[in-house]
Amino acid sequence: MSGVEIDPERVLKPLKNTSKQYYILLGLFTLALLLFLEAWVHQITYGVGAVTGIGDWGISGGVPWGLYIGGFVWWIGVAHGGIAISAAVRVINLDKYRPIARIAEVLTVLALGMAALNIVLSMGRPDRIFNTIVQWPFTVHHSPLAWDIAVISLYLVLTLTYMTLSLRSEISALRHRLPTWLAPLYALITLGYRPDEDEKIEQILWWLAVAILALVPLLSGGVVPWLFSLIAAQPGWYGAAAGAAMLTESITSALALVLIMTVVFRYAYGWHDMIEDGILRDLTIVLAFLALATIWFTMHDVLTGYYIAPVNIGALTAGMLELNFFWLAIGGLVVSVVLLFGMIGWPEYFFNTPLLVGVSALLAITILNKKVMFVVEGLMYPTQPPLTNLYPTGVYSPTLVEWILFLGTIMLAGFGFLVISKLIPMIELEKEERELLRPNAETDKTEVE
């Protein structure tokens, strides 16, 4: 039993009660979704090259990757960081933080979906994704997109399996209290469930969490940066610290988004006693040091790229220092670190949830900006063959349609949170808490009959 006092009845509040604010948010996100769909249809109709100016690799020239691939790198990092937070809570028995574990899992599922969607957007037509899957055995040797699809599929299977297993006993115990119109979904989740499987499921979940924690540095700090490092060895895309830097940024942006969603649910459903201030303060400390590490890696990149650097890397770094977006990223990181350490050192003056949400949002946006720059920068200033043979030095200016689709994935994730909060409990219940809501054996028997 954990030290966190969880009230099972109040955990079910999002599934039972729908406030006016919920409908307003749902309406806003629905409008954003419609705008996203209109922009997507426009891009499919007129072609990704004509609408965005993004060229095909080696065919039409120009920057072949832009906001979409930058968004993919950010979302895949958020997904890895999100599930790592949930897995760490289970493996290290951090029961105090159990109320945020399910939120991190849901964020992971949505982030993986948005990462996949950004790949589809970048490819122009949705049907091309099927060609990539069918041709995977023949393209995996040279196509980074083939590896991207493999990474997303692996983590989606792991995350959905993890979530479904953790929900089986919970849904079984709560089924008589859950919306009846969702009975087919709950029947699917609890298919073949038996109460005596709980102990084995807990063991499986623990080992799955261990596997996830082992895979996070391998994928987020390994496969993704390795893919960029091996693409034409382009300056800016490789380096001894690239994997560690990308992993740090991934966990930072994931924790920032988990903090935002945790505060939102805490405020919306009055869960202040279940998600205590102490949890937010502890996560603030972790986020502060992760943001500080991100600054350290950024300084490392600038110093090694500016001072007596090889010609190609020096030229790229000089180009980067002229970008306004680079200085926006530096400003965002510095302001975030100052405010976060202010919250830690002088909580009576600085620590409050609106400011914490604001700083978390600033950090998440800053790292998104860094990811886009990471992708685009090397393509704007090609200094190494074979890219120099394909693309001249140029500029990249995203179009309105590109911005709508890029930002639309964030709106879609928000829409997804609203929907999922109506399907499953957003705080995982322990066995003792589930039993409080489980019908007695006789009732179970009657229901089965």
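Residues numbered from 1 in each chain as written. Predicted model: local features only at pLDDT ≥ 70, side-chain atom pairs only at ≥ 80, totals over all residues. Heavy atoms only, no water.

**With respect to the overall build of the protein**
Alright, step 1. Counting secondary structure elements, the protein contains 21 helices and 0 strands.
Alright, step 2. Against the 2.2 N^0.38 benchmark of 22 Å for 449 residues, the protein shows a C-alpha radius of gyration of 23 Å, consistent with a compact globule.
Alright, step 3. Judged by the C-alpha coordinates and their principal axes, the protein covers about 75 × 55 × 40 Å.
Alright, step 4. Burial analysis of the protein (449 residues in total) assigns 53% to the buried set.
Alright, step 5. Of all intrachain contacts in the protein linking residues separated by at least 6 positions in sequence, the fraction that spans at least 24 positions is 81%.
Alright, step 6. When the accessible surface of the protein is split by element, carbon and sulfur atoms take 69% of a total near 20,500 Å².
Alright, step 7. Within the protein, one finds 24 positive and 34 negative side-chain charges whose respective centroids are separated by 4 Å. (Helix = DSSP H or I, 4+ residues; strand = E, 2+ residues; numbered from the N terminus. Rg over C-alpha atoms; globule rule 2.2 N^0.38 Å. Buried < 20%, exposed > 50% of the residue type's maximum accessible area, 1.4 Å probe, protein only. Contact = heavy atoms within 4.5 Å. Areas by Shrake-Rupley, 256 points an atom, 1.4 Å probe, with all protein chains shown as cover. Lys, Arg positive; Asp, Glu negative; His and termini not counted. Charge placed at Lys NZ, Arg CZ, Asp CG, Glu CD.)

**Observations concerning the pattern of salt bridges**
Alright, step 1. One pass over the structure, following the stated rule, counts 14 salt bridges.
Alright, step 2. The salt bridge involving Arg102 is made with Glu105; its shortest N-O contact spans 3.6 Å. Residue Arg102 and its partner Glu105 are located together in helix α6 (residues 98-123), separated by 3 residues, close to a single helical turn.
Alright, step 3. Between Asp127 and Arg125 there is a salt bridge, with the nearest N and O atoms lying 3.0 Å from each other.
Alright, step 4. A residue is classified by how much of its surface remains accessible, and Asp127, at 33% relative accessible area, is partly exposed.
Alright, step 5. Via salt bridges that share partners, Glu9, Lys16 and Arg177 belong to a single interconnected network. (Salt bridge = Lys/Arg side-chain N within 4 Å of Asp/Glu carboxyl O.)

**Considering the confidence of the model for the protein**
Alright, step 1. A residue-level look at the protein finds 90% of positions with pLDDT of 70 or above and a mean pLDDT of 85.
Alright, step 2. Confidence over residues 444-449 falls short of pLDDT 50; this stretch has 3 contacts with residues more than four positions distant or in other chains. (pLDDT = per-residue confidence, 0-100.)

**A word on the packing of helix α3 (residues 20-46) against helix α19 (residues 400-420)**
Alright, step 1. At their nearest, the axes of α3 and α19 sit 8 Å apart, and the two run at 145° to each other. Between α3 and α19 the crossing geometry is left-handed.
Alright, step 2. Residues of the contact of α3 with α19, tallied by class, amount to 18 nonpolar, 6 polar and no charged. (Axes fitted to C-alpha atoms, helices over the stretch in contact; angles between N-to-C directions. Left-handed = near helix turned anticlockwise from the far one by under 90°. Nonpolar A, V, L, I, M, F, W, Y, C, P; charged D, E, K, R; others polar.)

**Observations concerning the packing of helix α5 (residues 67-91) against helix α17 (residues 353-380)**
Each packed pair of helices is defined by two parameters, the angle between the axes and the distance between the axes.
Alright, step 1. Axis separation between α5 and α17 bottoms out at 8 Å; the angle between their running directions is 125°. Taken as axis vectors, α5 and α17 run oblique relative to one another. By crossing handedness, the relation of α5 to α17 is classed as right-handed. Taking contact as the criterion, the partners of Leu67, Ile69, Gly70, Gly71, Val73 and Trp74 in α5 are, on α17, Ala364, Ile367, Leu368, Lys371, Val372 and Val375.
Alright, step 2. Of the residues belonging to the contact of α5 with α17, the class tally is 9 nonpolar, 2 polar and 1 charged. (Parallel < 35°, antiparallel > 145°, perpendicular 65-115°, else oblique.)

**Observations regarding the packing of aromatic side chains**
Working definition: an aromatic ring pair is given by the centre-to-centre distance plus the angle between the planes.
Alright, step 1. Enumeration according to the criterion identifies 12 aromatic pairs in this entry.
Alright, step 2. The interplanar angle of 65° and the centroid separation of 4.8 Å between the aromatic rings of Trp74 and Trp75 together place this pair among those described as edge-to-face. No difference in accessibility class separates Trp74 from Trp75, as the two residues are buried.
Alright, step 3. Considering the side-chain rings of Phe265 and Phe417, the 6.1 Å spacing of their centres and the 55° angle between planes classify their relative orientation as tilted. Note that Phe265 is positioned in helix α12 (residues 242-269) and Phe417 in helix α19, a separation of 152 residues in sequence. (Phe/Tyr/Trp six-rings, centres within 6.5 Å; stacked < 30°, edge-to-face > 60°.)

**Details of α12**
Alright, step 1. In this model, α12 (28 residues) spans 41 Å end to end at C-alpha, consistent with the 40 Å of a helix rising 1.5 Å per residue.
Alright, step 2. Burial within α12 is extensive, with 22 of its 28 residues counted as buried.
Alright, step 3. Once α12 ends, the next one or two residues include Gly270, with phi positive near 65°. (Expected span 1.5 Å × (residues − 1).)

**Here we look at α5**
Alright, step 1. Helix length check: α5, at 25 residues, gives a terminal C-alpha distance of 36 Å against a target of 36 Å (1.5 Å per residue), a fit within 8%.
Alright, step 2. Along α5, 25 of the 25 residues are buried, which leaves the element largely enclosed by surrounding structure.
Alright, step 3. Looking one or two places after α5, you find Asn93, whose phi comes out positive at around 55°.

**Points about the nonpolar core**
Alright, step 1. The biggest cluster of nonpolar side chains holds 132 residues, and the ones touching the most others in it are Phe228, Leu340 and Phe417.
Alright, step 2. Excluding residues that lie within four positions of it along the chain, Phe228 makes contacts with Trp65, Ile69, Val73, Trp237, Phe374 and Val375. (Core = buried A, V, L, I, M, F, W, Y, C linked by side-chain atoms within 4.5 Å.)

**Considering the side chain of Ser360**
Alright, step 1. Mapped onto the secondary structure, Ser360 falls in helix α17.
Alright, step 2. For Ser360, the contacting residues outside a window of four places in its chain are Ala256, Leu259, Ile260 and Leu287.

**A word on the environment of Ile367**
Alright, step 1. Considering the arrangement of structural elements, one finds Ile367 in helix α17.
Alright, step 2. Relative accessible area serves as the criterion here: at 0%, Ile367 is assigned to the buried category.
Alright, step 3. Taking C-alpha positions, Ile367 is 18 Å from Pro398, a pair spaced 31 residues apart along the chain.
Alright, step 4. In this structure, Ile367 is in contact with Trp74, Glu249, Thr252 and Ser253, ignoring residues within four places of it in sequence.

**Describing a nonpolar patch on the surface**
Alright, step 1. On the surface, Ile24, Leu25, Leu28, Leu31, Leu34 and Leu37 cluster together to form a nonpolar patch covering roughly 560 Å² of accessible area.
Alright, step 2. Tracing the backbone shows Leu25 in helix α3.
Alright, step 3. Judged by its relative accessible area of 39%, Leu25 is partly exposed. (Patch = residues over 30% accessible without salt bridge, like charges linked within 9 Å, V, L, I, M, F, W, Y side chains within 5 Å.)

**So, unusual backbone geometry**
Alright, step 1. One non-glycine residue, Asn93, lies in the positive phi region at around 55°.
Alright, step 2. Tracing the backbone through its elements, the reader meets Asn93 in the loop between α5 and α6.
Alright, step 3. On the basis of relative accessibility, which here comes to 56%, the residue Asn93 falls in the exposed class.

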